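Residue strings, one per chain:
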Amino acid sequence: MTRYYRPRSKADALAVLAEEGSGARPLVGGTDLLVGVRHRTIEPTVIVDLKGIEDLPAPLRIDDDRVLIGPTLTLAELAADPAVREWFPSLAEAALTVGSVAIRNRASLIGNSCNGSPAADTVPAMLVHDVTVTIESVDGARTVPLREFFVGPRRTLCGTGEIVTGIGMNRPPAGYGSAFQRLTRRRGVDLATVSVAAGIDRHGTVVLGLGAVGPRPLRTPLDEPVDPAEGELLKLALERALTAATPISDIRGGREYRTAMLAVLARRAVQAAADRRRHEEVPA
Ligand SMILES: Cc1cc2nc3c(=O)[nH]c(=O)nc-3n(C[C@@H](O)[C@@H](O)[C@H](O)COP(=O)(O)OP(=O)(O)OC[C@H]3O[C@@H](n4cnc5c(N)ncnc54)[C@H](O)[C@@H]3O)c2cc1C
């Protein structure tokens, strides 16, 4: 029988997580965890609800040129924030593709990463940026780059007895653009068949974030600066970078289809990101 516990302090939450070991699971929105409990793919001894904790970092704050996100920030709140929309338009776009309005009003940004799904939509959009993750346990805190956080399907660096207490995102330099593209089988309430985020700076240096095309979300830079107007050179640079992807065939699409769509979406993402360098547009 699973117990439910709602601690008031971070120290209390961490103590319970340490005592219970691998049977304990943190909860925020529950849009992944409670689905797993209902389907009996996860059978926690105790669910530790982080929403009642009074000394967690604020859901969202701006510290100079850095956005700091706490565990309870929902995807709806993220996508509505003016600084996020201006500095990280691909992340706002990605958040707005998740599930439905009801899901986005509950689901947390940090939970989307902690779940460790290779298809989590917000992850590729964060991977193109300079993003860190802070993980805490009774033994203290450590901060790691997001690009190292994902270690395999459903596996992250946040282990037993630990919680993620913050994500920090550095504001990109002037003249930077980013965009997100995803393919699903139907519009809305479906996980990505393929997703791609692209970030491009004023010199044409491109970083891609890839979802649903490997055992974990991938970050892959292009090996040389590109001019997105040079279609053939962009295509070749993308072909080299996209060899990092290792898609599989499953109910959402075959390996060959995913590979073909990845190339299309990556080109569109780079071109949309490059357009944003000039127009500073934000998603509707
Ligand atoms: C109908 C439906 C549609 C969806 N559509 C999409 C979609 O299109 N794209 C997409 O990417 N996702 C989709 N999702 C999943 C998405 O809602 C989740 O990934 C969500 O973002 C997770 O946040 P949460 O707060 O609900 O996490 P929870 O369910 O509370 O937790 C998720 C996991 O992370 C752990 N966890 C949560 N917070 C922390 C923390 N601070 N520290 C350590 N561990 C933590 C939990 O123990 C659990 O293992 C969908 C879900 C549903 C039910």
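In case you missed it, the structure is sitting above this.
Every value quoted in this text rests on a predicted model; they were computed, and no experiment measured them.

> Looking at this structure, how should I read the overall build of the chain?
Assigned secondary structure in the chain consists of 10 helices and 14 strands. Relative to the globule expectation of 19 Å for 284 residues, the C-alpha radius of gyration of the chain, 19 Å, shows essentially globular dimensions. Expressed as lengths along the three principal axes of its C-alpha atoms, the size of the chain is roughly 60 × 45 × 35 Å. Here the chain holds 284 residues, and the buried ones make up 51% of them. Taking the contacts inside the chain whose residues are at least 6 apart along the sequence as the reference set, 60% of them involve residues at least 24 apart. Accessible surface, the chain: about 13300 Å² in total, of which carbon and sulfur atoms supply 51%. Within the chain, one finds 35 positive and 34 negative side-chain charges whose respective centroids are separated by 6 Å.

> Mind showing me how you'd approach empty space enclosed by the protein here?
Unfilled space is identified by rolling a water-sized probe across the atoms. The full count for this structure, using the stated rule, is 1 cavity of 30 Å³ or more. Put simply, the largest cavity is a space of about 40 Å³. Taken together, M126, L127, H129, D130, V131, P145, L146, R147 and R219 form the lining of the largest cavity. Residues belonging to the lining of the largest cavity are distributed by class as follows: 5 nonpolar, 1 polar and 3 charged.

> Please clarify how the site of the ligand should be interpreted in this entry.
For the ligand, the set of nearby residues contains 32 residues, the closest of which are P26, T31, D32, S108 and D121. Contact between the ligand and G99: an oxygen atom at 3.1 Å from a main-chain N or O atom of the residue. S108 is positioned with one of its side-chain polar atoms (N or O) 2.6 Å from an oxygen atom of the ligand. Within the complex, the protein chains bury 90% of what would otherwise be the 990 Å² of accessible surface of the ligand. Mapped onto the shell around the ligand, the elements with two or more residues apiece are β2 (24-27), α7 (109-114) and β10 (163-170). The leading source of residues in the shell around the ligand is α7, at 4 residues. For the shell around the ligand, a count of residues per class yields 18 nonpolar, 9 polar and 5 charged.

> Explain the pattern of salt bridges here, please?
A side chain of one charge can pair with a side chain of the opposite charge when the charged atoms of the two come close. The full count for this structure, using the stated rule, is 18 salt bridges. A salt bridge links E54 to R8; the nearest nitrogen and oxygen atoms lie 2.5 Å apart. Of this pair, E54 sits in the loop between β3 (46-49) and β4 (60-63) while R8 sits in the loop between β1 (3-5) and α1 (10-20), and the two are 46 residues apart along the sequence. Assigned by exposure class, E54 and R8 land together as exposed. With a closest N to O distance of 2.7 Å, D223 and R240 form a salt bridge. A residue pair is termed long-range when its members are at least 10 positions apart, and D223 in the loop between β14 (218-221) and α9 (231-241) and R240 in helix α9 qualify at 17 residues. For D223, a relative accessible area of 52% corresponds to the exposed category. Taken together, the salt bridges that share partners define one network made up of R6, D49 and K51.

> What am I meant to see in the sheet that holds strand β11 (residues 177-183) here?
One key point about sheets: their strands pair by backbone hydrogen bonds, in either a parallel or an antiparallel sense. The strand order across the open sheet formed by 4 strands is β11-β12-β13-β14, and the pairing between neighbours is antiparallel. Pairing within the sheet leaves two strands with one partner each, and these edge strands are β11 and β14. Averaged over all pairs of adjacent strands, the angle between their axes in this sheet comes to 15°, without regard to strand direction. Inspection of the sheet shows β11 paired to strand β12 (residues 194-200) by 7 bridges, in the antiparallel sense.

Conventions and cut-offs
- Residues numbered from 1 in each chain as written.
- Predicted model: local features only at pLDDT ≥ 70, side-chain atom pairs only at ≥ 80, totals over all residues.
- Heavy atoms only, no water.
- Helix = DSSP H or I, 4+ residues; strand = E, 2+ residues; numbered from the N terminus.
- Rg over C-alpha atoms; globule rule 2.2 N^0.38 Å.
- Buried < 20%, exposed > 50% of the residue type's maximum accessible area, 1.4 Å probe, protein only.
- Contact = heavy atoms within 4.5 Å.
- Areas by Shrake-Rupley, 256 points an atom, 1.4 Å probe, with all protein chains shown as cover.
- Lys, Arg positive; Asp, Glu negative; His and termini not counted.
- Charge placed at Lys NZ, Arg CZ, Asp CG, Glu CD.
- 1 Å grid on protein atoms, 1.4 Å probe; cavity = no way out; pocket = protein on both sides within 12 Å on 5 of 7 lines; lining within 4 Å.
- Points joined across faces, edges and corners; volume = space filled by probe spheres on them.
- Nonpolar A, V, L, I, M, F, W, Y, C, P; charged D, E, K, R; others polar.
- Near = heavy atom within 4 Å.
- Polar contact = N/O pair within 3.5 Å; in protein donor to acceptor, adjacent residues only side chain to side chain.
- Salt bridge = Lys/Arg side-chain N within 4 Å of Asp/Glu carboxyl O.
- Pairing = 2+ DSSP bridges.
- Axes fitted to C-alpha atoms, helices over the stretch in contact; angles between N-to-C directions.

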